[in-house]
Amino acid sequence: MTSEKRSTFGGKLAAVLVTAGGSVGLGNIWRFPYVTGENGGGAFLLVYCACLLLLGIPVMLAEFSIGRNARSNAVEAYRRVSGRWSWVGYLALAASFLILGFYFVVSGWTTAYFVRSVTGELAALDSAEAYRTAFESFKASPWQPLLCALFFLWITHAIIVKGVEKGIERSAKVMMPLLFAVLIALTVRGLLMPGAAEGLKFLFMPDFSNLTPRSFLVAMGQAFFSLSLGFGAMITYSSYFKPDTDLVGTAVEVSVIDTLVAVLASMLIFPTVFTAGIAPESGPSLVFITLPAIFNTMPWPMVWSACFFLLLGLAALTSTISLHEPITLYLHEQKRMSRLTAARVTTAGLAVLVTLTSLSLGVLNGWKMAGMNLFDLLDFSTTNILLPVSALATSIFAGWVLDRKVLQRQLANGCSQRTGILNVTVFLLRWICPVLLLCIFFDNFGLL
Ligand code: TRP
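What counts, and at which threshold
- Residues numbered from 1 in each chain as written.
- Predicted model: local features only at pLDDT ≥ 70, side-chain atom pairs only at ≥ 80, totals over all residues.
- Heavy atoms only, no water.
- Near = heavy atom within 4 Å.
- Polar contact = N/O pair within 3.5 Å; in protein donor to acceptor, adjacent residues only side chain to side chain.
- Areas by Shrake-Rupley, 256 points an atom, 1.4 Å probe, with all protein chains shown as cover.
- Helix = DSSP H or I, 4+ residues; strand = E, 2+ residues; numbered from the N terminus.
- Nonpolar A, V, L, I, M, F, W, Y, C, P; charged D, E, K, R; others polar.
- Expected span 1.5 Å × (residues − 1).
- Bend = angle between axes of the 7 residues up to and from the residue.
- Buried < 20%, exposed > 50% of the residue type's maximum accessible area, 1.4 Å probe, protein only.
- Salt bridge = Lys/Arg side-chain N within 4 Å of Asp/Glu carboxyl O.
- Phe/Tyr/Trp six-rings, centres within 6.5 Å; stacked < 30°, edge-to-face > 60°.
- Lys NZ or Arg CZ within 6 Å of the ring centre and 35° of its normal.
- Patch = residues over 30% accessible without salt bridge, like charges linked within 9 Å, V, L, I, M, F, W, Y side chains within 5 Å.
- Contact = heavy atoms within 4.5 Å.
- Core = buried A, V, L, I, M, F, W, Y, C linked by side-chain atoms within 4.5 Å.

**A look at the site of the ligand**
Part 1: In the vicinity of the ligand, 16 residues are found, and the nearest of them are Ser 23, Gly 27, Tyr 103, Phe 225 and Ser 228.
Part 2: Backbone polar atom of Ser 23 to a nitrogen atom of the ligand: 3.0 Å apart, as the coordinates give it.
Part 3: At 3.3 Å from an oxygen atom of the ligand is found a side-chain nitrogen or oxygen belonging to Asn 28.
Part 4: Protein contacts shield 100% of the accessible area of the ligand, which totals 360 Å² for the unbound molecule.
Part 5: Mapped by element, the contributors of at least two residues to the shell around the ligand are α1 (12-23), α2 (26-38), α10 (213-226) and α14 (301-334).
Part 6: Of the residues that constitute the shell around the ligand, the class distribution is seven nonpolar, nine polar and no charged.

**Some remarks on α14**
An α-helix turns once per 3.6 residues; consequently, residues spaced three or four apart project the same way.
Part 1: The end-to-end C-alpha separation of α14 is 50 Å, in line with the 50 Å expected for 34 residues at 1.5 Å each.
Part 2: His 324 marks the point of greatest bend in α14, at about 25°, and the proline Pro 326 comes within the next four residues.
Part 3: With 29 of 34 residues buried, α14 is to be regarded as a mostly interior element.
Part 4: The positive-phi residue at the C-terminal boundary of α14 is Arg 336, with phi of around 55°.

**A word on the pattern of salt bridges**
When charged atoms on two side chains of opposite charge get close, those side chains can pair.
Part 1: Under the counting rule described, the total for this entry stands at nine salt bridges.
Part 2: With a closest N to O distance of 3.5 Å, Glu 121 and Arg 116 form a salt bridge.

**Digging into the packing of aromatic side chains**
Part 1: Tallied over the full model, the rule gives 26 aromatic pairs.
Part 2: When the centroid spacing of 6.1 Å and the interplanar angle of 25° are considered together, the rings of Trp 85 and Trp 87 count as stacked.
Part 3: What makes Trp 85 buried here is its relative accessible area of 16%.
Part 4: Ring geometry for Trp 109 and Phe 135: centres 5.4 Å apart, planes at 90°, overall edge-to-face. Remark: Phe 135 occurs in helix α6 (residues 128-140) and Trp 109 occurs in helix α5 (residues 86-119); sequence separation between them is 26 residues.
Part 5: What makes Phe 135 buried here is its relative accessible area of 5%.
Part 6: Through a chain of ring-to-ring contacts, three or more aromatic side chains come together here, namely Phe 102, Trp 109, Tyr 113, Phe 135, Phe 138, Phe 288, Phe 295, Phe 308, Phe 309 and Phe 375.
Part 7: Looking at Arg 31, its charged tip hangs above the ring of Phe 225, at a distance of 5.2 Å from the centre.
Part 8: It is Arg 430 that lies over the ring of Trp 400; its NZ or CZ is 4.4 Å from the centre.

**Quick notes on a nonpolar patch on the surface**
Part 1: On the surface, a nonpolar cluster with roughly 470 Å² of combined accessible area is contributed by Val 81, Trp 400, Val 401, Phe 427 and Trp 431.
Part 2: Positionally, Val 81 belongs in helix α4 (residues 74-81).

**Side note on helix α18 (residues 419-444)**
Part 1: Relative to the 38 Å expected for 26 residues at 1.5 Å per residue, α18 spans 36 Å between its end C-alpha atoms, a close match to the ideal helical length.
Part 2: The largest bend along α18 measures about 40° and falls at Leu 429.
Part 3: Here α18 has its buried residues at Leu 422, Thr 425, Val 426, Leu 428, Leu 429, Cys 433, Pro 434, Leu 437, Ile 440 and Asp 443.
Part 4: At its buried positions, α18 is contacted by α3 (42-70), α10, α16 (374-401) and α17 (404-412).
Part 5: Immediately downstream of α18, the backbone of Gly 446 shows phi near 70°, a positive value.

**Quick word on the side chain of His 157**
Part 1: Relative to the assigned elements, His 157 resides in helix α7 (residues 143-161).
Part 2: Once you skip the residues sitting within four places of it in the chain, His 157 turns out to touch Ala 343, Arg 344 and Thr 347.

**Here's the deal with the environment of Asp 376**
Part 1: When you line up the elements, Asp 376 lands in helix α16.
Part 2: Asp 376 sits in the partly exposed class, given a relative accessible area of 35%.
Part 3: In sequence terms Asp 376 and Lys 405 are 29 residues apart; their C-alpha atoms lie 42 Å from each other.

**Considerations on the nonpolar core**
Part 1: If you look at the biggest cluster of nonpolar residues, it comprises 146 residues, and the most contacted ones within it are Trp 109, Phe 288 and Phe 308.
Part 2: Not counting residues within four places of it along the chain, the set of residues in contact with Phe 308 comprises Ile 29, Leu 186, Leu 268, Val 287, Leu 291 and Phe 295.
Part 3: Core analysis: the next-biggest nonpolar cluster, separate from the first, contains six residues, Val 75, Leu 93, Leu 331 and Ala 342 among them.

**Section: the environment of Ala 412**
Part 1: Within the fold, Ala 412 resides in helix α17.
Part 2: Residue class for Ala 412 comes out buried when judged on its relative accessible area of 8%.
Part 3: Remark: the alpha-carbon pair of Ala 412 and Leu 374, spanning 38 residues in sequence, is separated by 45 Å.

Next comes the structure, spelled out in structure tokens:
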């Protein structure tokens, strides 16, 4: 192990901002609204909040405790407690690498759409059909999406090489407030639309008739993805927390911020789609086809769509950083590379994967595995297989393998005993989380 002083985040606010940045991402703005739309609106929101309490916060507390206890990268954090469990760390890193394969491609699209909004190219299209054709042909074209994805990778790399305090922490302190400012401005705009009342009713009035047993599993999966659990991101970030950072408080605050962003994004999107008379469950194309088409019917379309894609880009960037850092830190600490070399090796590997993934939507579309091109394969395998497996392993590890005293010391934070919180967390990690996670896993394979 290196004996140099390990980096830490400045203080409580920095810890919350960076961790919230790592969890707020495309999942909140792109995925949450359409998943909510497909699963009945308000009732889904209630189920989602229950999932946060039962699964999200306990697993986040587990990751925080593992990370700050070890003060090391994710692989070493597992290995130090039990050599037999280091595979979970490797799995987490491999999964982060794979998830970035498609995450950078979508992030690249947001960059391209931001530029197209500013240049007026988007506003020049004149029908919903034109927006669809434009998006489909953009996605399948070889160069533009690829260059945008690589550009996004390059920005992420540039922030990572600046280091933990000067890169990750400083960028989160700028990007998170900016993200909130843009989000609030857009939400206010959404609330002034004629369809606002209908949109809000859909989002907040629980209608249990649309809720299916599957909705519960979808809500759990969404909670994990949105809070960035299971892939070592939270272990890595919490290894930079100060000893006096309150883990319970931080986990609650991060979950609240993450949910708030998802709800605000929905308060922007539902009134907008209801105003245009479009069904809210239109799927992922909502963001790149439907919304730009609707913005174009409003005064100043360029401003609104530029702001929206800026928001999406900021959210994506804080997340790509949180997925890149665990791999870089592992190579730096375990393989004894300098931080710069570690970041370069990670970025170079990602550049190859991202290139293949981006091309898989166009020229390489013929390369299929299990009937899916590389983009769909990465999306499916990371969110539906690797995420539940590694979250399951994390909760079993924290509930059964990790010494209870370690969990107690980390959660109590030296200030109070907090035995109640400890007992509830251990109970959830031991019994409830594993069972629910197994259900998600089997359901993804159609076995439930
Ligand atoms: N939470 C991010 C989002 O909502 C994505 C993400 C970042 C993630 N890091 C992660 C998902 C780690 C799973 C694991 O878009």
